Structures are given as structure tokens and as C-alpha cells.
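Listed here are the chains, written in short residue letters.
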Amino acid sequence: MKSLGLGILGSGRGSNCRAILEAIRAGTLPARACVVISDVIDAPILDIAREFSVPNAYLPPGQFRTRLEPNVESELVRMLRDAGVDLVVLAGFMRVLKAPMLEAFPRRIINIHPSLLPKFQGLQAWKQALAAGETVTGCTVHYVDDKIDHGDIIAQRQVPILPNDSAETLHARVQIAEHELYPAVIAQLCAKTS
Ligand code: GRF
């Protein structure tokens, strides 16, 4: 099986990044963590990278709130290529990627979203599912395109919504499912490219 080089991008807590790095360390995910990059200077995801001795960097995002400045996005492409990245893994990265990244890594960027897409795109999707009175929600791993939480679906994992669930209890169970699903999907992609 070929070992895929991963570039993990995130803006926050990094619990999915931790799950991926733990799976690599445990030998259940035959991938290499090449680099972790964040647009937030003090994001815990960078501390997690350091804990696992993975090269990491803060990328100042520029003046926009929801995307990277084009020159910054081109710099991101350079950083990922220099690090030997085959697959870009979004793990709570809060910016929409545009042409520089999408053209540099066609069908080589994946994201995880806390709902059963196409339902409940956008922020706090588990809260949306709860408010809508759903009995089942879950998480989705999908290829990234130029729209938010959109793109071909690779895999989904269902999570039941229990009668007494709060947003917090539901979110916690969705995250447990994410931490199982994301490394497993990346392992499948590794197998496909071997
Ligand atoms: C996850 O819930 C993921 O579905 C969403 O962002 C969150 C990131 O969480 N895209 P973490 O930083 O991995 O803990």
C-alpha cells in the first residue's frame, strides 16, 4: 500500500487532526503526516502537530474573513507541495478554498462535515439537525469544490438523535463518529492509490 502524504489544514481544536495522527501512530492508517497548517496563530491544532512532532506552520490569511487572499492561497499551494503532500485534509478549516488550491490539488482535497450532507450545510450543523426534529444525523467526508460543504460524497456515518439530546451531547457523539470515520476514509483512499 502506498503511503499518502497528508497536509492537514485547520482553524481550531484539532480533534480530527489528533484522531488522524493517532491512527498513523497506531499503524492503522498507512499515511505520512507531512505538515499541519493553520490560519489561526494560536489554534490548538498547531499544538497537536507539535505534540506529534509533525512540521507545522501558521499561515497569515490576509484581509478576508471567509477565504484566503489569492497570493496567500498560492503560498499555501507552495507550502503543501514543498512538504510532499498528496492529499489535503481539511479538519475544521474555516475558509473556502478557491482556484489556486482546487486547481493544484484536483480531487485531492477532502473535508469532514458534522451532518449527513446534503442536509444541514454551514455552521453548527448538529444544532440544525436537532432544531429540525430529525431522529438521525451524522457526519460526511466529501471532496472539496468551490462551494461550502459541497462536493462528491465519499462516506457517511449515521448518529441517532436521542429524545433527551442537547446540542452538546449530540455534538459529542457526532465528533466520536467523525474521529472513527475520517481516518478510515483516508485509509481507504490510501488503498485505492496503492
Ligand atoms: C468538525 O466537527 C468538522 O466536522 C467541522 O469542523 C469541526 C472541526 O473540529 N468541519 P476539530 O477542530 O477537528 O475538533
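Heads up: the structure comes first, above all this text.
Residues numbered from 1 in each chain as written. Predicted model: local features only at pLDDT ≥ 70, side-chain atom pairs only at ≥ 80, totals over all residues. Heavy atoms only, no water.

## A few points about the layout of surface pockets
Okay, step 1: By volume, the largest pocket amounts to about 830 Å³.
Okay, step 2: Taken together, 33 residues line the largest pocket, and the ones lying closest to its centre are Gly92, Phe93, Met94, Ile112 and Leu123.
Okay, step 3: Listing elements by their share of the lining of the largest pocket, those giving two or more residues are helix H1 (15-26), strand S5 (109-113) and helix H6 (167-192).
Okay, step 4: Among the residues making up the lining of the largest pocket, the classes are represented as twelve nonpolar, 15 polar and six charged. (1 Å grid on protein atoms, 1.4 Å probe; cavity = no way out; pocket = protein on both sides within 12 Å on 5 of 7 lines; lining within 4 Å. Points joined across faces, edges and corners; volume = space filled by probe spheres on them. Helix = DSSP H or I, 4+ residues; strand = E, 2+ residues; numbered from the N terminus. Nonpolar A, V, L, I, M, F, W, Y, C, P; charged D, E, K, R; others polar.)

## Some words on the pattern of salt bridges
Oppositely charged side chains can pair when the atoms bearing their charge come close.
Okay, step 1: Tallied over the entire structure, the rule returns ten salt bridges.
Okay, step 2: Asp39 is paired through a salt bridge with Arg95; the nearest N and O atoms lie 2.6 Å apart. Of this pair, Asp39 sits in the loop between strand S2 (31-38) and helix H2 (44-51) while Arg95 sits in the loop between strand S4 (87-90) and helix H4 (99-104), and the two are 56 residues apart along the sequence. Each member of the pair, Asp39 as well as Arg95, carries the same accessibility label: buried.
Okay, step 3: As a salt-bridge pair, Asp165 and Arg173 come within 2.7 Å of each other at their nearest N and O atoms.
Okay, step 4: Look at Asp165 and you get buried, because its relative accessible area is 12%.
Okay, step 5: Here Arg173 falls in the partly exposed class, since its relative accessible area comes to 25%. (Salt bridge = Lys/Arg side-chain N within 4 Å of Asp/Glu carboxyl O. Buried < 20%, exposed > 50% of the residue type's maximum accessible area, 1.4 Å probe, protein only.)

Purely geometric stuff here, so don't read any function into it on its own.
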